[in-house]
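# Architecture at a glance
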Amino acid sequence: MLVLEDLCHLDEEIASEQPIANFERKWESTSHIRKYRLVKAIVLSLLRLFTAPVLPNLLVMGLTFAQPFLVSAMLDFIASTSGSKEVGYLIVVGYAVVYISKAICTAFYMHQLDRFATTLRGCLVGIIYKKTLRLDLKEAGRGESLTLMSADVEHIVKGIPLLHEISSNTTMTIIALGLLYRELGLA
């Protein structure tokens, strides 16, 4: 039988009522805003959790761009006849460091994204639930709000973390084009 003690302990930052109360305060303070109100309330109330994946993502991007330089160093080592064993060992160690670090940073990045998504889901469900409790019985009796709640919340929770992916992919594309230009020119 599964009991509460079998579950892992949640971090206080995402398990407490504090994020929901903070989100609710920001939601009410942005009531005069019509455009992008939800996005502004999310960013203002969950800014620390929203920006937590940025550093691990930057590290993943840096390690991704280190890989072509390792390949170049390896090809130069293979092509040279006077390459020492130490340089070869350093290249192997470089590969190990880059790939292990990239795996760890990617796991940390995904963990931070999941923490944000979990907290965001809790905030959205909490505020919708409180709003549903204040609805007129005629409106709430049909149950459309609760039916739509789960689908809409899932779409928002899956969509917001994609902002990190869009920004990192755009940055990586610009850097990659710069590196290609450096290597090949405009020819």
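Here the structure is a predicted model, which means the values were calculated and not measured.

Criteria and cut-off values
- Residues numbered from 1 in each chain as written.
- Predicted model: local features only at pLDDT ≥ 70, side-chain atom pairs only at ≥ 80, totals over all residues.
- Heavy atoms only, no water.
- Phe/Tyr/Trp six-rings, centres within 6.5 Å; stacked < 30°, edge-to-face > 60°.
- Helix = DSSP H or I, 4+ residues; strand = E, 2+ residues; numbered from the N terminus.
- Buried < 20%, exposed > 50% of the residue type's maximum accessible area, 1.4 Å probe, protein only.
- Axes fitted to C-alpha atoms, helices over the stretch in contact; angles between N-to-C directions.
- Parallel < 35°, antiparallel > 145°, perpendicular 65-115°, else oblique.
- Left-handed = near helix turned anticlockwise from the far one by under 90°.
- Contact = heavy atoms within 4.5 Å.
- Nonpolar A, V, L, I, M, F, W, Y, C, P; charged D, E, K, R; others polar.
- Patch = residues over 30% accessible without salt bridge, like charges linked within 9 Å, V, L, I, M, F, W, Y side chains within 5 Å.
- Areas by Shrake-Rupley, 256 points an atom, 1.4 Å probe, with all protein chains shown as cover.
- Salt bridge = Lys/Arg side-chain N within 4 Å of Asp/Glu carboxyl O.
- Expected span 1.5 Å × (residues − 1).
- Core = buried A, V, L, I, M, F, W, Y, C linked by side-chain atoms within 4.5 Å.

Inspection of every chain in the model, using the stated rule, returns three aromatic pairs. Ring geometry for F50 and F116: centres 5.4 Å apart, planes at 65°, overall edge-to-face. In this pair, F50 is assigned in helix 4 (residues 47-51) and F116 in helix 6 (residues 85-133), connecting sequence segments 66 residues apart. Among the residues examined, F50 registers a relative accessible area of 16% and is labelled buried. Between Y95 and Y99, the ring centres sit 6.2 Å apart and the planes meet at 5°, which makes this aromatic pair stacked. Pair noted here: Y95 and Y99 are both in helix 6, with a separation of four residues, about one helical turn. The buried category is assigned to Y95, whose relative accessible area is 18%. Here Y99 falls in the partly exposed class, since its relative accessible area comes to 44%.

The next subject is the packing of helix 2 (residues 18-29) against helix 6. Put simply, helix 2 and helix 6 touch, their axes get as near as 9 Å, and they point 60° apart. When the axes of helix 2 and helix 6 are compared, the pair comes out oblique. For helix 2 against helix 6, the interelement crossing comes out right-handed. The residues of helix 6 that touch helix 2, namely those facing P19, I20, F23, E24 and W27, are T119, G122, C123, L124, I127 and K130. For the contact of helix 2 with helix 6, the residue count by class is seven nonpolar, two polar and two charged.

The grouping of V54, L55, L58 and L59 at the surface amounts to a nonpolar patch, some 360 Å² of accessible area in total. Positionally, L55 belongs in helix 5 (residues 54-79).

It is worth spelling out helix 5 at this point. The end-to-end C-alpha distance of helix 5, which contains 26 residues, comes to 38 Å, matching closely the 38 Å that a straight helix rising 1.5 Å per residue would cover. Taken residue by residue, helix 5 has P56, N57, V60, M61, L63, T64, F65, Q67 and L70 as its buried positions. Packing partners of the buried residues in helix 5 comprise helix 6 and helix 9 (162-184).

For the structure on display, the rule yields three salt bridges. Between R121 and E154 there is a salt bridge; the shortest N-O distance is 3.0 Å. Of this pair, R121 sits in helix 6 while E154 sits in helix 8 (residues 144-159), and the two are 33 residues apart along the sequence. Residue R182 is joined to E183 by a salt bridge in which the shortest nitrogen-to-oxygen separation is 3.0 Å.

Once that is clear, we can look at helix 2. An α-helical turn contains 3.6 residues, so any two residues separated by three or four positions project in the same direction. Under the 1.5 Å per step criterion, the end-to-end length of helix 2 is 16 Å for twelve residues, consistent within 8% with the ideal 16 Å. Contact partners of the buried residues in helix 2: helix 1 (12-15), helix 3 (37-45) and helix 6.

Let us look at the nonpolar core. The biggest cluster of nonpolar side chains holds 18 residues, and the ones touching the most others in it are F23, I42, L46, F116 and L120. Elements with a minimum of two residues in this core: helix 2, helix 3, helix 4, helix 6 and helix 8. For this core, the leading source of residues is helix 6, giving six residues. Filtering out sequence-adjacent residues up to four positions away, L120 remains in contact with I42, L46, I156, V157 and I160. L63, L70, Y95 and C105 belong to the second largest nonpolar core, which has seven residues in total.

The values are spatial; any link to function lies outside them.
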